[in-house]
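The primary structure of each chain is shown beneath.
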Amino acid sequence: MIRVLLAEDMHMVRGALIALLNLEPDIEVVAEVSSGDKIVPAARQHGPDVCVIDIDLPILDGLSAATKIRETLPQIRTLMLTSLGRPGTLRRALAARVDGFLLKDAPPTELADAIRRVAAGERVVDSQLALAAWDRGECPLTDRELEVLRLAANGADAPDIAVALSLSVGTVRNYMTTIMTKLNGRNRVDAIRIAEEAGWL
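The rules behind these values
- Residues numbered from 1 in each chain as written.
- Predicted model: local features only at pLDDT ≥ 70, side-chain atom pairs only at ≥ 80, totals over all residues.
- Heavy atoms only, no water.
- Helix = DSSP H or I, 4+ residues; strand = E, 2+ residues; numbered from the N terminus.
- Buried < 20%, exposed > 50% of the residue type's maximum accessible area, 1.4 Å probe, protein only.
- Contact = heavy atoms within 4.5 Å.
- Polar contact = N/O pair within 3.5 Å; in protein donor to acceptor, adjacent residues only side chain to side chain.

Assigned secondary structure in the chain consists of ten helices and six strands. Overall, the chain is about 60 × 35 × 30 Å in size when its C-alpha atoms are taken along their principal axes. Across the 201 residues in the chain, those meeting the buried criterion constitute 44%. For the chain, restricting intrachain contacts to residue pairs at least 6 apart in sequence, the fraction spanning at least 24 positions comes to 64%.

The structure is reproduced here in structure tokens:
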């Protein structure tokens, strides 16, 4: 029997996934949580073989939770679910060394099969998403540029970003100019949109 912990913040979706998985003769959902900060404590308590984690969770996002599992409970495998098939999101998931990555609109049989394969030690990635990630290429922004753009995406202006990152306002403006050039964005809002659509933010 494959023991599964399911992390999903939408109650109806979580209930539907649990009902579907419990129909499988070799899969048992032993724990369910609605936020990322509860994943590691629940995993410690219930000892699942696989954690099925929604990538967009409140308090602690799914990728950060998966990283914590790998660091503290390396015997537990992780399978990420996402409703957004962005290549950059897949790249971030692979960088976090998750064991599987599946779109939420995949057929239920595909989810059960992915859980079995991940539990058996395989790495499972949605094939269409893998091809898109291969075609898209790497994010052209540096870590610091991404940091500046994330703050801008959250509504911070140049003086706010300067204070948050201990930079001068001029340096922040230079970063924004470089970011817009690298992303071929017409302006700051366009650059944010391009980065978000690619899954880099």
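Now for unusual backbone geometry. The phi torsion at Ile59 lies on the positive side, around 70 degrees, for a residue other than glycine. Counting through the fold element by element, Ile59 comes out in the loop between β3 (50–54) and α3 (62–72). For Ile59, a relative accessible area of 71% puts it in the exposed group. Here Asn184, not a glycine, exhibits a phi torsion of approximately 55 degrees, which is positive. Tracing the backbone through its elements, the reader meets Asn184 in the loop between α9 (169–183) and α10 (188–198).

Time to look at the side chain of Asp99. With respect to the element layout, Asp99 can be found in the loop between α4 (87–95) and β5 (100–103). We classify Asp99 as buried; its relative accessible area is 13%. Within the structure, the side chain of Asp99 is placed 3.1 Å from the side chain of Arg77, a separation counted as a polar contact. Residues in contact with Asp99, not counting those within four places in the same chain, are Ile76, Arg77, Thr78, Val118, Glu122, Arg123 and Val124.

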